[in-house]
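Structural features, examined
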Amino acid sequence: MLRIGVIGCASIARRRMLPAMLAHPGIEIVAVASRDAAKAADTARQFGCRPVTGYGALVALDDVEAVYVPLPAALHEHWTETALTAGKHVLAEKPLTTDPARTRGLMATARTRGLTLMENVMFVHHSQHAAVRRLVADGAIGDLRSFHSSFTIPALPGEDIRYRAELGGGSLYDVGVYPVRAALHFLGGALEVRGAVLERPPGRQVDTSGAVLLRRGDGVTAHLSFGMEHAYRSRYELTGSAGRVVVDRAFTPPADHTPTVTLETASGTRTVPLPPDDQVANTLSAFVSAVRTGETPHVECVAQADLLAAVLRTAGRR
């Protein structure tokens, strides 16, 4: 079993990742760390591991092989690098860093030390997207013309860390990363930013919504929108010369959700039901496999970092 320590007691760790780790047959949760001893103790009690006060103390544990980093985006780089330097494999929340050069640097450090570094983008591990790829590859919508994707969530509490610029907050890194990564997943890495806007309302430190236009060399375009003060929407569609394929609940479906793919062509609309799938468990399995085999997962991580930086530049934010 892969012995994992968790650096931080963030909501995503307590709600999704720790329960999935506890249920995973290939993982043992060794310890969980917090700067708050009481929070570490409470979280450790829930998940049957030992509490550690301070992130550095967890990284120093000899019986921890790998660490999961669910900290705010601005802290990912430091603690990922610290863990790699200590000889630990790392699963880090997205984005891995907020700078492409730093992302490349961390990936290089992992390669040099023979360690696995994986960014925690879970939706790409859901089988519904492989089904969509097969439909497109089989010519179900003809020649691909465009990709559209939206991910929006309702307003967050005012004190939420995603509203804090110094912690790497903002809609682009929190929700915009999903449609950006989906565009890479379906269109490949040769995408250029042809337009971008990021909206920062009065009184906010960070952007709360945005839109992006991408173009591939062959003329295929991607139209992306995102926001964190909106009605919930999690969707993408691929349009071709002969039809369209649409996926709702695309990015964060629960494990018991029965996904459907809607195929629209000149002959009518057909709904294709797919089996439920657990993208969180699948992500953990991919990480365990990468650690044990030495494979390099998710080369899209660097292309994603480049695109996010280009969006910021085009929108006049960098």
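Summary of the structure given here. (Residues numbered from 1 in each chain as written. Predicted model: local features only at pLDDT ≥ 70, side-chain atom pairs only at ≥ 80, totals over all residues. Heavy atoms only, no water.)

This brings us to unusual backbone geometry. Between lysine 94 and the following residue, proline 95, the backbone shows a cis peptide bond with an omega angle of -15 degrees. For proline 95, the position within the fold is in the loop between strand S5 (89–93) and helix H5 (100–113). (Helix = DSSP H or I, 4+ residues; strand = E, 2+ residues; numbered from the N terminus.)

Scanning all chains against the criterion turns up 19 salt bridges. Two residues, arginine 181 and glutamate 300, come together in a salt bridge whose shortest N-O distance is 3.8 Å. Of this pair, arginine 181 sits in helix H7 (residues 171–187) while glutamate 300 sits in helix H9 (residues 300–314); the two residues are 119 residues apart in sequence, bridging distant segments of the chain. Notably, a salt bridge pairs glutamate 237 with arginine 244, separated by 3.1 Å at the nearest N-O pair. Among the ionic contacts, a cluster of salt bridges with common partners joins Arg235, Glu237, Arg244, Asp248 and Glu264. (Salt bridge = Lys/Arg side-chain N within 4 Å of Asp/Glu carboxyl O.)

For the rest of this paragraph, the subject is the sheet that holds strand S3 (residues 50–53). Strand order across the open sheet formed by six strands is S3-S2-S1-S4-S5-S6, with parallel pairing between neighbours. The sheet is open, and its two edges are formed by S3 and strand S6 (117–120), each paired on a single side. Averaged over all pairs of adjacent strands, the angle between strand axes in this sheet comes to 25 degrees, irrespective of strand direction. (Pairing = 2+ DSSP bridges. Axes fitted to C-alpha atoms, helices over the stretch in contact; angles between N-to-C directions.)

Attention now goes to the pairing of strand S13 (residues 260–265). For strand S12 (residues 243–248) and S13, the ladder comprises five bridges, and the chain directions are antiparallel. Paired with valine 246 across the two strands is threonine 262, which belongs to S13. Pairing analysis gives six bridges linking S13 to strand S14 (residues 268–273), with the strands arranged antiparallel. When the sheet's bridge partners are listed, glutamate 264 is paired in S14 with threonine 269.

The subject of this paragraph is the nonpolar core. Membership of the largest hydrophobic core comes to 49 residues, with the highest contact counts inside it found for Phe147, Leu214, Tyr236 and Leu238. Of the residues forming this core, the biggest block, eleven residues, is contributed by H7. Each residue touching leucine 214, except ones within four places of it in the same chain, is listed here: Ala183, Leu191, Glu192, Val193, Val220, Thr221, Ala222, Leu224 and Leu307. One finds Ile7, Leu96, Ala110 and Cys301 within the second-largest nonpolar core, a separate group that totals 26 residues. (Core = buried A, V, L, I, M, F, W, Y, C linked by side-chain atoms within 4.5 Å. Buried < 20%, exposed > 50% of the residue type's maximum accessible area, 1.4 Å probe, protein only. Contact = heavy atoms within 4.5 Å.)

Mapping serine 150 onto the fold places it in strand S7 (residues 144–152). Note on serine 150: relative accessible area 15%, which makes it buried. It is 16 Å that separates the C-alpha atoms of serine 150 and threonine 262, two residues lying 112 residues apart in sequence. The contact partners of serine 150, leaving out residues within four places of it in the chain, are Ser225, Arg233, Ser234, Arg235 and Phe251.

The next point concerns the environment of arginine 235. Structurally, the position occupied by arginine 235 is in strand S11 (residues 233–240). The spatial distance from the C-alpha of arginine 235 to the C-alpha of valine 220 is 19 Å, given a sequence separation of 15 residues. Contacts of arginine 235, omitting those with residues within four sequence positions, involve His148, Ser149, Ser150, Val246, Val247, Asp248, Ala250 and Phe251.

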